[in-house]
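Descriptive structure summary
Now for the letters of each chain:
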Amino acid sequence: MTGRGPPGWMEGLLRRVVPEEDRDAITGDMAELYAVRERRQGRLRATLWYARNVVRFVVAVPLTGMRGNVRGTGGGIMGGWRMELTRAARRLRRAPVFTAVSVLTIGVGIGAFAAIYGVVESVLLEPPPYEEPDDLLWIWRDYWFDLDRGWLGGPDIAMLREQTDAFEGVAAFRSDELNLTGRDGAAPQRVRATVASADVFDLLGVAPALGRGFQPGEDTPGAPAVAVLGHALWTTAFGADPAVLGTDIYLNGEPTTVVGVAPKGLHFVVHSSLGSPSPEGDLWIPLRADLASLDPHAGSFAGLARVRDGASPAQVESAIDAVGRELDAIFRNRGLEMWGVGLQEDLVGGVRPALVSLLGAATLLLLILGANLTALLLGRAIRRDRELALLSALGAGRARVLQSLLSESLLLGLAGGAVGVAIAFAGADLIRSIAPAGLPRRMEIAVDASVLTTAALVTLVMSLGAGLLPALRALRDAAAQRLREGGTRSGAGRTGARTRSALVVIQVALSLVLLVSSGLITRAFVRLLTADPGFDGRDALTVTVTLDPNRYPEDGDVVAFDTRFRAAVSALPGVERVGATDALPLTALAGQTGMRFPGAPGNTGVDEEDHPLIDYMVVTPGFMDAAGMRLLEGRRIDEADELEGAPVALIDDLLARRFFANGSALGSPLLIGDDTLTIVGVVDQARHYSVQADDRYQVYLPLSLNATASLRYVVAGAGDPTRLVPDLRRILDGIDPTVPLTDAGTLQGLIEQSLGRERLSLTLLSVFAAAALLLAVLGIYGVVANQVTQRTHEMGVRMALGADRSGVLRLVLGQGARLTVWGTVLGLLAAVAASRVLVGVVAGVDPRDPVVYAGVALTLAAVTLLAAWVPARRAARIDPTEALRAE
């Protein structure tokens, strides 16, 4: 060896971390190799090589106690691992069933967890795609009535804009549906527009991909009509033609100049009260309204504010309260409240309980699978006891034994992780396809780099963690003891049996938690399905017909169209009932306004209570019959009401009980602003927001009193209702070929859509629970079958001494029963604690439903005892002579 040798401090560090029995050999080899590298590559590169290998020993040796020579391919540590991994791969190839089951176990667990984590990250963790989204704040208002998210009036937003110490800007938003006609004058298509203040793009910090955004003044009354196209609409309707800039399109017949194209992927994430625009938003148009002069009582907008840099939460809250008090004093809206909530929190607050619960369920399944994998690896290690004992007896160190066991779990983890990634991608696609349309950022659900990184870490922890218990057992037991316990008679020994039994108890307990959770949600979901929504959705087609306001400027024009269209549809074969409304049930599209009932016996004299906010819908004759709504008293809207513009109204049963509990509401006056209407009927309330509970008070008006350009028709009759769509299109072409026919569906579909979030939670949780139950059954079977194998000699002796087969059967079943009882008791305690979080997942969950707890416990006991009965039956058939001869 030439040169000065390796640095002394490095050599000293290496000697301290190398096991004593290998110290001289390894440090000598390192010094010799250092000299060779110094002669060939120079001292600096040789020193770096030496330092790198010292780090390997510093990190690896204290963790594993590994020994070995540094010579050979890749150096001692890495070379030793490569050799052991190669041997492990050969051993796993010789055990294909064990390998396949283990890989699938890891893959299913990692795949389910990664898919759900991808949903949680996309929906809950990923910030909205705007500049500094944490500074964006929705502002809502509420009155004395129950309104979860009340829209702001125009003056509200105008006053908020004056709070410049707290806000950089406040934009007004609403969603609208329009008829779009392209440059060539083609038939219109229905598009959804985000109608906003001119400062919308500046407020969000978004620059259009082409052209410009809105300029100051373009949102004032009389300003020229302009639009910014959504990227998807620009691509599909205009062929991604840049020349569209500066040209006119027609929105509801009005020429509108295209001034820009929004960037790809931009969509406006809004609260559900603003409707559900298409994923990227079809287009953006300015409000063109003087907000300060609008009716303050009419909540027409959502307000989005950007908090000024340096403004404290207390300062922001004070600014909002100041506007609320000023409006309260000026407009005498006694009880008015305003509040702000972060855009991200407002967006995902409603879905957070469900997603967190699903992530918890996926984690439980992962733990169950981890326990199952640990039991599999423990059983394999037990079967290798003699091999490992002989290896130790022949001089192999503890590190070699540890490498031998952990190398298998590491290889299984790598293969299982690859399978899990494939399952995660497929699972994310499936969840995206079945998720309800109202789930925020549904189309952004994906397995991205961060999800894959998390999955890789979880895979590493799961595989090495599962292999750690068998490895620690192998290191703890002396070679001689393992040789004594490794025979056919003793099998794994009492320690191994107790460990596997404990793992099965954990599996049973965790499985019961998932089964109880699934059962509670199933019961609640069944109650939702059987709840009375106030209408009959069977055999009823729904379509939307949108009229061009320029072609139908007067209320009478709309009424005339409706009368002609309904008459033609009624004449179709199989059609029994047809009618229209501006807001179908379960769509949350009703208008709201305050109403009074002068002289009603239910009035209290307190203005806040006698002037409630009420949902109102316009309906045509025939709508209530077509929708299956029940008339409780009086009459429905008829043809005379529509043609004559009669000032009549129907109220729901909630209003009737509130104001006319001790008498009839028929003939009583109803005041809407300065207009007086007469109540002519009372109907059973049709749910407008959710099927599980009564909604706000409802009033139904004739179309002639509040004609709308967007009519939702319901057509009922015999047979499949969707077969009528071509006939409806043909009728429209005969009346007005420029009118689009969109949103074909069924009333039953509205019910199913309203339960989409609950159905997603139930589907995924049921899959997790079924998998957990299967694993618990397999765990019970594996433990009992293994014990039967180990105790074959004992049972042969028992039967040779006169024990009957029924006694042996009871003995084996008793072992399975004890595991089931312990797991059930622990699982029930955990399920009671975990069930509380399910209240926010599905409405109507009873976390202490005794039927579910009893049913799950009995079912789990039955299937696990059945799993134990199979090996117990085999034990009862043991031939004593054969059993004793085998020993």
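Remember, predicted model here, so these are calculated numbers, not experimental data. (Residues numbered from 1 in each chain as written. Predicted model: local features only at pLDDT ≥ 70, side-chain atom pairs only at ≥ 80, totals over all residues. Heavy atoms only, no water.)

1. Some details on the overall build of the protein chain
Definition in use: Segments assigned H or I by DSSP are reported as helices when at least four residues long, segments assigned E as strands when at least two residues long, and all are numbered from the N terminus. Each residue gets one of three labels from its accessible area relative to the maximum for its type: buried under 20%, exposed over 50%, partly exposed in between, using a 1.4 Å probe on protein chains only. Two residues form a contact once any of their heavy atoms are found within 4.5 Å.
Within the protein chain, the regular secondary structure consists of 28 helices and 21 strands. By the burial criterion, 51% of the 887 residues in the protein chain qualify as buried. Look at the contacts in the protein chain between residues 6 or more apart in sequence, and 80% of them connect residues 24 or more apart.

2. As for the environment of Ser 312
Structurally, Ser 312 is set in the loop between strand E9 (302-307) and helix H9 (313-331). Taking relative accessible area as the criterion, Ser 312 reaches 32% and is therefore assigned partly exposed. Counting along the chain gives 146 residues from Ser 312 to Ala 166, while the straight-line C-alpha distance between them is 8.1 Å.

3. A closer look at helix H5 (residues 96-125)
Put simply, the rule reads: For a helix, the expected span equals 1.5 Å multiplied by the number of residues minus one.
Between the first and last C-alpha of H5 there are 40 Å, a value that for 30 residues agrees with the 44 Å anticipated at 1.5 Å per step. Within H5, 23 of the 30 residues are buried, which leaves the element mostly enclosed by the surrounding structure.

4. Re helix H17 (residues 555-570)
Heads up, the rule is: Arc definition: it is the arc formed by the directions from the helix axis to the C-beta atoms.
The end-to-end C-alpha distance of H17 is 22 Å, a good match for the 22 Å that 16 residues give at a rise of 1.5 Å each. Inspection of H17 places Val 558, Val 559, Phe 561, Asp 562, Phe 565, Arg 566 and Val 569 among the buried residues, and these make up the whole buried set. All buried residues of H17 fall inside an arc of 160° around its axis, so they share one side. More than 90 degrees from the buried face of H17, the exposed residues found are Arg 564 and Ala 567. Among the structural elements, strand E11 (540-546), strand E12 (575-581), helix H20 (639-644), strand E20 (710-717) and helix H22 (725-735) are those in contact with the buried residues of H17.

5. Some words on the pattern of salt bridges
Which entries qualify depends on this criterion: Each reported salt bridge corresponds to a side-chain nitrogen of Lys or Arg within 4 Å of a carboxyl oxygen of Asp or Glu.
Taken as a whole and assessed by the stated rule, the structure comprises 24 salt bridges. Arg 635 is the partner of Asp 641 in a salt bridge, and the nearest nitrogen-oxygen pair spans 2.7 Å. By relative accessible area, Asp 641 is classed as buried at 5%. Take Arg 635: its relative accessible area is 31%, and that puts it in the partly exposed class. Through salt bridges with shared partners, a single network forms among Glu 177, Arg 190, Arg 192 and Arg 712.

6. Examining unusual backbone geometry
A positive phi angle is found at Leu 586, which is not glycine, with a value near 65°. Its location among the elements puts Leu 586 in the loop between E12 and strand E13 (591-594). Phi at Asp 743 is positive, roughly 55°, even though this residue is not glycine. By secondary structure assignment, the location of Asp 743 is in strand E21 (residues 741-746). Classification of Asp 743 as partly exposed rests on a relative accessible area of 41%.

7. Let's talk about a negative patch on the surface
Convention followed: Patches here are clusters of residues that have more than 30% relative accessible area and form no salt bridge, with a 9 Å joining cutoff for like charges and a 5 Å cutoff for nonpolar side chains (Val, Leu, Ile, Met, Phe, Trp, Tyr). For accessible areas, the Shrake-Rupley method is used with a probe of radius 1.4 Å. Any residue's cover is judged against the shown protein chains and nothing else. Residues scored as positive are Lys and Arg, those scored as negative are Asp and Glu, and His as well as the terminal groups of each chain are ignored. Each charge is placed at NZ for Lys, CZ for Arg, CG for Asp and CD for Glu.
A cluster of acidic residues, Glu 131, Glu 132, Asp 134, Glu 168 and Asp 309, forms a negative patch at the surface. Relative to the elements of secondary structure, Glu 131 occurs in the loop between H5 and strand E1 (136-142).

8. Looking at the confidence of the model for the protein chain
Put simply, the test is: pLDDT is a residue-level measure of predictor confidence that goes from 0 to 100.
Confidence along the protein chain averages 78 in pLDDT terms, with 78% of residues attaining 70 or more. Note that pLDDT drops below 50 for residues 271-280; the model gives that stretch 26 contacts with residues more than four away or on any other chain.

9. Some remarks on the nonpolar core
Put simply, the test is: Put simply, buried Ala, Val, Leu, Ile, Met, Phe, Trp, Tyr and Cys residues joined by side-chain atoms within 4.5 Å make one nonpolar core.
Val 123, Leu 514, Met 629 and Tyr 700 are the most contacted members of the largest nonpolar core, which totals 106 residues. When residues no more than four places from it in sequence are discounted, the contact partners of Met 629 are Gly 534, Phe 535, Phe 623, Met 624, Arg 636, Val 683, Asp 684, Ala 686 and Tyr 700. Judged by nonpolar contacts, the second largest core, of 44 residues, contains Val 558, Val 559, Ile 614 and Ala 665.

10. Quick look at a nonpolar patch on the surface
Taken together, the side chains of Leu 104, Val 108, Val 419 and Ile 423 make up a nonpolar region of the molecular surface, amounting to roughly 270 Å² of accessible area. On the accessibility criterion, Ile 423 (31% relative accessible area) is partly exposed.

11. Description of the packing of aromatic side chains
Within a pair of aromatic rings, the relevant descriptors are the distance that separates the centres and the angle that separates the planes. Quick note on the threshold: Side-chain rings of Phe, Tyr and Trp (the six-membered ring for Trp) are treated as a pair once their centres are within 6.5 Å; stacked means planes under 30 degrees apart, edge-to-face means over 60, and tilted covers the remaining angles.
On inspection of all chains with the given rule, the structure shows ten aromatic pairs. Centre to centre, the rings of Phe 561 and Phe 565 are 5.8 Å apart; their planes meet at 5°, and the pair counts as stacked. Taken together, the positions of Phe 561 and Phe 565, both in helix H17 and four residues apart, correspond to about one turn of that helix. Of the two residues examined, Phe 561 and Phe 565, each falls in the buried class. An aromatic cluster of at least three residues, connected via ring pairs, comprises Tyr 552, Phe 561, Phe 565 and Tyr 713.

12. A few points about the environment of Ala 456
Examined against the element boundaries, Ala 456 turns out to sit in helix H14 (residues 449-476). Residues Ala 456 and Ala 418 lie 38 residues apart in sequence; the distance between their C-alpha atoms is 9.2 Å.

13. Let's talk about the environment of Asp 607
On the secondary structure map, Asp 607 appears in helix H18 (residues 607-610). Owing to a relative accessible area of 22%, Asp 607 belongs among the partly exposed residues under this scheme.

14. A few points about the packing of H17 against H22
Condition: Axis definition: a line fit to C-alpha positions, over the contact stretch in the case of helices; interaxial angles, taken between N-to-C directions, run 0 to 180 degrees. In these notes the angle categories are as follows: under 35 degrees is roughly parallel, over 145 is roughly antiparallel, 65 to 115 is roughly perpendicular, and the rest is oblique. For any helix crossing, the convention is left-handed if the near helix is rotated counterclockwise from the far helix by under a right angle, and right-handed if that rotation is clockwise. Ten residue types, Ala, Val, Leu, Ile, Met, Phe, Trp, Tyr, Cys and Pro, are classed as nonpolar, four, Asp, Glu, Lys and Arg, as charged, and the remainder, Gly among them, as polar.
Across the interface, H17 lies against H22 with an axial gap of 10 Å and an inter-helix angle of 140°. The pairing of H17 with H22 is recorded here as oblique in orientation. The way H17 lies across H22 gives a crossing that is right-handed. Between H17, through Phe 561, Arg 564, Phe 565, Ala 568 and Val 569, and H22, the contact on the second element is made entirely by Leu 728, Ile 731, Leu 732, Gly 734 and Ile 735. Residue composition of the contact of H17 with H22, grouped by class: eight nonpolar, one polar and one charged.

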